Amino acid sequence: MGTNLNDDDEMKREDEHYRNALTDEEYSVCRLKGTEAAFSGPLLKNRDTGVYHCKCCQAPLFSSESKYDSGCGWPSFDAAIDNKAINFINDVSHGMVRTEVQCFSCKCHLGHVFSDGPPTTGERFCVNSLSLTFTKKE
């Protein structure tokens, strides 16, 4: 069964929306599954209390309470606010076996999750700053 023409039209409108709403670098990370350079992300050293949201749809994804410094060069979290907010996808690109994480709502590429996190959960969500926005708690 082929792709419905309406589905193709909607995908083109969605792509155009994101191309206009995001910078080139944000688009590359969020929609094309790119990766920002290590230690370059604007949210890497953020220590404020609040919530990290999806850059594309603003869905709440991570709390500052779960953020920690893993030393990997990208913001790291030991848990999502709700695992139902995250898509977990087998990723065998670049000769590696990893688990990609995406926003469940809009399929924005966030990064990857690894099983080398702190003892609280054992997970390290390694997330691109460019795929997130941050709302500081008042």
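A brief structural summary. Nothing here was measured: the structure is a model prediction, and the numbers come from that model. (Residues numbered from 1 in each chain as written. Predicted model: local features only at pLDDT ≥ 70, side-chain atom pairs only at ≥ 80, totals over all residues. Heavy atoms only, no water.)

1. Things to note about the packing of aromatic side chains
Logical step 1: Summed over all chains, the structure comprises five aromatic pairs.
Logical step 2: Between Y52 and F77, the aromatic rings sit 5.0 Å apart at their centres with planes inclined by 70 degrees, giving edge-to-face as the arrangement. One end of the pair, Y52, is in strand β1 (residues 50-54); the other, F77, is in strand β4 (residues 76-77), with 25 residues separating them in the sequence.
Logical step 3: Relative to F77, the ring of F62 lies with its centre 4.3 Å away and its plane at 15 degrees, an arrangement referred to as stacked. In this pair, F62 is assigned in strand β2 (residues 60-63) and F77 in strand β4, connecting sequence segments 15 residues apart. Here the two residues F62 and F77 agree in accessibility, since each one is buried. (Phe/Tyr/Trp six-rings, centres within 6.5 Å; stacked < 30°, edge-to-face > 60°. Helix = DSSP H or I, 4+ residues; strand = E, 2+ residues; numbered from the N terminus. Buried < 20%, exposed > 50% of the residue type's maximum accessible area, 1.4 Å probe, protein only.)

2. A short note on the sheet that holds strand β6 (residues 98-103)
Logical step 1: Reading across from one edge, β3-β4-β8-β7-β6-β5 is the order of the six strands in this open sheet, with antiparallel pairing throughout. Edge positions in the open sheet fall to β3 (67-68) and β5 (86-91), since each of these has one partner strand only.
Logical step 2: Of the strand pairs in this sheet, β5 and β6 are connected by six bridges, and their pairing is antiparallel. When the bridges of β6 are listed, I89 appears paired with E100. (Pairing = 2+ DSSP bridges.)

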